[in-house]
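# Geometric and topological summary
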Amino acid sequence: MKKLTTATLSLFAATLFFSCQNNTGSQANDDKTQTEHSSKDDSLLTEIQRNTFQYFWEGAEPTSGMARERIHLDGIYPKNDQNVVTIGGSGFGLMAIITGIERGFITREEGVKRLAHIMNYLSEIERFQGAWAHWYHGDTKKVQAFSEKDNGGDIVETAFLAQSLITIREYLKNGSEDEQAVASSADELWKGINWNHYTNGQNVIFWHWSPSVDFGMNHPVRGYDEGLVTYILAASSPTHAIDTAVYHEGWARSGEIRSTAEKLNIPLSIKHNARPGEIGPLFWAHYSYLGLDPKGLQDRCANYWDVTSNHAKINIAYAEENPKGYKGYGADKGWGLTASYSLKGYDAHHPDNDHGVISPTAALSSMPYTPEESISFAHYLMDSLGTKVWGKYGFYDAYSETEDWFPQHYLAIDQGPIVVMIENYRSGLLWNLFMEAPEIKAGLKKLGFSSPRIL
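Residues numbered from 1 in each chain as written. Predicted model: local features only at pLDDT ≥ 70, side-chain atom pairs only at ≥ 80, totals over all residues. Heavy atoms only, no water.

## A few points about the overall build of the chain
From N to C terminus, the chain includes 13 helices and 15 strands. Taken along the three principal axes of its C-alpha coordinates, the chain extends 95 × 55 × 50 Å. Long-range contacts, defined here as pairs at least 24 residues apart, represent 67% of the contacts in the chain between residues at least 6 apart. Roughly 18800 Å² of accessible area belongs to the chain as shown, and the carbon and sulfur atoms make up 48% of that amount. (Helix = DSSP H or I, 4+ residues; strand = E, 2+ residues; numbered from the N terminus. Contact = heavy atoms within 4.5 Å. Areas by Shrake-Rupley, 256 points an atom, 1.4 Å probe, with all protein chains shown as cover.)

## Digging into the sheet that holds strand β4 (residues 143-144)
Read across the sheet, three strands follow the order β2-β3-β4 without closing on themselves; strand pairing throughout is antiparallel. If you trace the sheet from one side to the other, it starts and ends with β2 (84-86) and β4, each paired once. Direction of pairing for strand β3 (residues 135-137) relative to β4: antiparallel, over a ladder of two bridges. Paired with W135 across the bridge in β4 is Q144. (Pairing = 2+ DSSP bridges.)

## Quick look at the packing of aromatic side chains
If you walk through the whole model with that rule in mind, you get 27 aromatic pairs. Here the aromatic rings of Y55 and Y410 are separated by 6.3 Å at their centres, their planes lie at 65°, and the arrangement is edge-to-face. Here Y410 lies in strand β15 (residues 409-411) and Y55 lies in the loop between α1 (6-53) and β1 (70-72), a separation of 355 residues in the sequence. Of the aromatic side chains, those joined through ring pairs into one cluster are F92, F160, Y224, Y231, Y247, W251, F283, W284, Y287, Y304 and F449. For the cation-ring pair, R114 lies above W57, with the distance from its terminal atom to the ring centre recorded as 4.0 Å. (Phe/Tyr/Trp six-rings, centres within 6.5 Å; stacked < 30°, edge-to-face > 60°. Lys NZ or Arg CZ within 6 Å of the ring centre and 35° of its normal.)

## A word on the side chain of T230
Along the chain, T230 turns up in helix α6 (residues 228-236). Exposure remark for T230: the relative accessible area of 0% places this residue in the buried category. Those residues in contact with T230, other than ones at most four positions away along the chain, are I155, V156, A159, W195 and I205. (Buried < 20%, exposed > 50% of the residue type's maximum accessible area, 1.4 Å probe, protein only.)

## What to know about the nonpolar core
In terms of nonpolar packing, the biggest core is built from 130 residues, with M119, L122, W132, W195, L233 and Y304 touching the most fellow members. At 11 residues, helix α4 (residues 155-172) tops the list of elements feeding residues into this core. Discounting chain neighbours no more than four positions away, the residues touching L122 are M66, I87, R127, W132, L161, L165 and L189. Judged by nonpolar contacts, the second largest core, of 11 residues, contains I71, Y77, Y393 and A412. (Core = buried A, V, L, I, M, F, W, Y, C linked by side-chain atoms within 4.5 Å.)

## Re the side chain of D187
Looking at where D187 falls in the secondary structure, it is placed in helix α5 (residues 177-191). Take D187: its relative accessible area is 16%, and that puts it in the buried class. The residues touching D187, leaving out its near neighbours within four places in the chain, are R169 and E439.

## Topic: the pattern of salt bridges
Inspection of every chain in the model, using the stated rule, returns 17 salt bridges. Ionic pairing is found between D293 and R453, a salt bridge with its closest N-O pair at 3.0 Å. Highlighted residues: D293 in the loop between β10 (266-267) and α8 (304-321) and R453 in the segment after α13 (438-446), separated in sequence by 160 residues. Classification of R453 by relative accessible area gives partly exposed; the value is 21%. In this structure, E436 engages K441 in a salt bridge whose closest nitrogen and oxygen atoms are separated by 3.8 Å. Here E436 falls in the partly exposed class, since its relative accessible area comes to 46%. (Salt bridge = Lys/Arg side-chain N within 4 Å of Asp/Glu carboxyl O.)

## Section: helix α11 (residues 412-426)
If you check α11, its first and last C-alpha atoms are 22 Å apart, about what 15 residues at 1.5 Å a residue would give, namely 21 Å. Burial within α11 is extensive, with 14 of its 15 residues counted as buried. (Expected span 1.5 Å × (residues − 1).)

## Thoughts on empty space enclosed by the protein
Any empty space left between the atoms is revealed when a probe the size of a water molecule rolls over them. For the coordinates displayed, the defined rule picks out two cavities of 30 Å³ or more. Here the largest cavity is characterised by a volume of approximately 50 Å³. What lines the largest cavity is simply F56, A60, G65, M66, A67, S90, G93, L94, I97 and I118. The leading source of residues in the lining of the largest cavity is helix α2 (residues 87-103), at four residues. Looking at the lining of the largest cavity residue by residue, the classes come out as seven nonpolar, three polar and no charged. (1 Å grid on protein atoms, 1.4 Å probe; cavity = no way out; pocket = protein on both sides within 12 Å on 5 of 7 lines; lining within 4 Å. Points joined across faces, edges and corners; volume = space filled by probe spheres on them. Nonpolar A, V, L, I, M, F, W, Y, C, P; charged D, E, K, R; others polar.)

## Observations regarding unusual backbone geometry
That bond from G223 to Y224 is cis: its omega, 10°, falls within 30 degrees of zero. Even without being a glycine, L264 presents a positive backbone phi close to 55°. Examined against the element boundaries, L264 turns out to sit in the loop between β9 (262-263) and β10. Residues other than glycine seldom take positive phi values, yet N322 does so here, at roughly 45°.

Written out as structure tokens, the structure is:
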């Protein structure tokens, strides 16, 4: 080895010094840029959450305090249903209220007062073996039938509400006297749901039951769609729990729910309730996971983080490919297909049922799975489309750049997940609360799930 002279060492040291100084400056600039980007993103996410939260606060039906099924800023309601409230959407809204308290959009006292009012209302309206109907007239407390035979209990909509009742209980159970009273009411309501009744004596849960048509709808809840949390809650109930066979034979189809299929070279990880090789609308990756944390959640059939994140990634890949050449599609533009308003009424959009309609809830509620692309989408909406898609209660339900179609309409079931899933991305608030519930831990273990949350 060549011996280094004193002069050589001095020159090397000086070079190293200036190199380090330059690297430090470069790193500092990178950190500054990152901070500026983070601050800009943070402000945008707060603005989206604040405005969308108002759908469930200012926009709530006044008698019940619950979420209206829909709000049309043009005031046109062809079915005269402006006072119809939704059970599932109200469940999402209850979680949004918790978020609103934590984010300072309302005071804790205001939030608790509204939650108490809603708990009282829920205890007064008609229930069906403990389950609620899909819709009610908020002002009269009467059931609004969803269809001719869907005029009684809806156990899946009830599950979306029950998910929030457990979250409320966990959030308030150690609080003031008023807060503990709300927690107790939420706990009583959740424990009153007779999940086992909805099996009709079989190893599957049926979606509907009513005194007039019994199980006449004959709609078994089988995987995979939005119904996973229904089975988790049914297995977790301390009062009316289902047997494990109901889950494994019903939801998991005795193992036939497994899938090795791919779409756009991305594994589905599980068989969707669709034609072979197809995926469902993206809300399937949201509704069950507002409280149920899919990170590391696995049973004998699937890893549910793969299921949910791949579902979102397939939507991104499809938008980037854009086989029909729709305007405004792309990974850094518009992406996300789900059930929403559409060009001709309401439609369950997905890559094999694409009409050029983007539903903002699809990408925004996928933020925990695809944060970079979801935040990029939010910036695209704000910067490129602005007031065409943004209004009083956040982003409108759906739009089409191709058709120059920008209706000023909202749906509760699409607005709620935006607030909640952005919060789960930012702080994990709702996931932390729901997954801490002892019944949920026990129910997941009972069904053979593993998760970092239930070690």
